[in-house]
Amino acid sequence: MRTLPNYLAKTARAVLLGTALTLAGGTVIAGVGGQPVAAASASTADAQAVYNQFRKYVSNPASLAQARKYLMNHISKVGSWYGTVMTLQLENAQKAGLERFSEKLYTDAVQKALMDAQINNDMTYTEIQKRVKAPAVRKLMEEIWEKGYKLETSEGMYYSVMHYEGFKVFKPYISKDIAAYIDIMATESNKPSTFDAGIVITWDELIGRAAIMSDYVQDYPKSNRTAAIRNEMSYTVPLVLLGSDNTPAYDYDTNELDPELRRAYDHALMEGPGDNKVLNILAKLVTLLDAAGDKKTPAVESYLDQVVKQYTEL
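These remarks concern the structure in this document.

Glancing now at the overall build of the chain. What the chain contains, in helices and strands, is twelve helices and four strands. Across the 314 residues in the chain, those meeting the buried criterion constitute 49%. Summing over all exposed atoms, the chain offers an accessible surface of approximately 15,600 Å²; the carbon and sulfur share of this is 54%.

Set out below in structure tokens:
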């Protein structure tokens, strides 16, 4: 694929955010050279005041929705350093509260109301609100939206997940590495690569996502979210190489490579692998597959096992 915004061109490395990114603590810790990076046109005192108020909201799970709304209304006033710190703190808070909030959805009454309304993953928040009739469940749907989550369903169960598309509103006010991180996470959040143990995007898209993640960890080795992208790669790269239970890369009986996946490998390598680690892995794999007649021979299997371990044994 590799058609996402061209934000992964070589750029200056991102600012280290340090311990200010944790949910504990109070004032912002200094950045490079002992001082925060220039905060656009905002004064340091004004930015600190906005940050302090945001901290009061984001530190309390009960005011998560208020923290998100406050950040949306004030991030333009603080400059990129504070904006980046607060955006990451909001993500931390949302992830920390996700499981606790999801428990509200697991009651029989809520699940039945959503099922009766025939809610599916393609519906917008507005469409869901139009379909759901029970006032209590409608209020719960509103809470999902306000907290920055979204509703999804799989295998007959409704649950909430992170809504990374909602973070894109912060991109003009944060560092390049975190803006790129948001784009990567939103791509998967908007259109998950798997569903019910099957790959539900094209092989081209899947390879493109893995390659873009590989660019990210190379371009931003010291970003606060590099570890998170590496974690995403521990799932995505094995899919590119082995497929999934219901969408295997190699036929279970004949060990033959899916012809469409072979085409996708070749397409991804048309302009050469460059310095992208994932594409270089594919380049070597294709050479082995050429010699093996596109079958998973012992040599191919040994190479696949070696590579997958690099990404799964972190």
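Moving on, we get to the layout of surface pockets. Put simply, the largest pocket is a space of about 990 Å³. Here the lining of the largest pocket gets six residues from one element, more than from any other, and that element is strand β1 (residues 149–154). A class-by-class count of the residues in the lining of the largest pocket yields 19 nonpolar, ten polar and seven charged.

What follows deals with the environment of T126. Tracing the backbone through its elements, the reader meets T126 in helix α5 (residues 125–131). Along the chain, T126 and E142 lie 16 residues apart, while their C-alpha atoms are 9.7 Å from each other.

Right, let's get into the pattern of salt bridges. Tallied over the entire structure, the rule returns 15 salt bridges. E152 serves as the salt-bridge partner of K150, at 3.7 Å between the closest nitrogen and oxygen. In this structure, K150 and E152 share a single accessibility class: buried. A salt bridge links E188 to R209; the shortest N-O distance between them is 2.6 Å. In this pair, E188 sits in helix α7 (residues 176–190) while R209 sits in helix α8 (residues 203–219), placing the two residues 21 residues apart along the sequence. If you follow the salt bridges from partner to partner, you end up with E165, K168, K171 and D183 in one network.

Turning next to helix α1 (residues 44–58). Here α1 contains 15 residues, and its C-alpha end-to-end distance of 20 Å stays within 8% of the 21 Å for a straight helix at 1.5 Å per residue. Among the residues of α1, A47, Q48, V50, Y51, F54, R55, Y57 and V58 are the ones counted as buried.

Here we come to the nonpolar core. Ranked by size, the top nonpolar core spans 89 residues in total, and within it L241, Y265 and L285 carry the most contacts. Among all residues touching Y265, those that are not within four sequence positions of it are I207, V240, L241, L257, L282, L285, V286 and L289.

Right, let's get into the environment of Y51. Locating Y51 in the fold gives a position in helix α1. Looking at Y51, the relative accessible area reads 1%, which means it is buried. Considering only alpha carbons, one finds Y51 and I75, 24 residues apart in sequence, at a separation of 9.2 Å.

A rise of 1.5 Å per residue sets the reference length of helix α12 (residues 298–312), with its 15 residues, at 21 Å; its end C-alpha atoms lie 21 Å apart and thus fit the reference within 8%. Within α12, the full set of buried residues consists of V300, Y303, L304, V307, V308 and Y311. Each buried residue of α12 lies within a common arc of 125° when the element is viewed along its axis, so the set occupies one face. Buried residues along α12 sit in contact with α9 (226–242) and α11 (277–292).

Rules behind the numbers
- Residues numbered from 1 in each chain as written.
- Predicted model: local features only at pLDDT ≥ 70, side-chain atom pairs only at ≥ 80, totals over all residues.
- Heavy atoms only, no water.
- Helix = DSSP H or I, 4+ residues; strand = E, 2+ residues; numbered from the N terminus.
- Buried < 20%, exposed > 50% of the residue type's maximum accessible area, 1.4 Å probe, protein only.
- Areas by Shrake-Rupley, 256 points an atom, 1.4 Å probe, with all protein chains shown as cover.
- 1 Å grid on protein atoms, 1.4 Å probe; cavity = no way out; pocket = protein on both sides within 12 Å on 5 of 7 lines; lining within 4 Å.
- Points joined across faces, edges and corners; volume = space filled by probe spheres on them.
- Nonpolar A, V, L, I, M, F, W, Y, C, P; charged D, E, K, R; others polar.
- Salt bridge = Lys/Arg side-chain N within 4 Å of Asp/Glu carboxyl O.
- Expected span 1.5 Å × (residues − 1).
- Core = buried A, V, L, I, M, F, W, Y, C linked by side-chain atoms within 4.5 Å.
- Contact = heavy atoms within 4.5 Å.
- Arc of directions from axis to C-beta.

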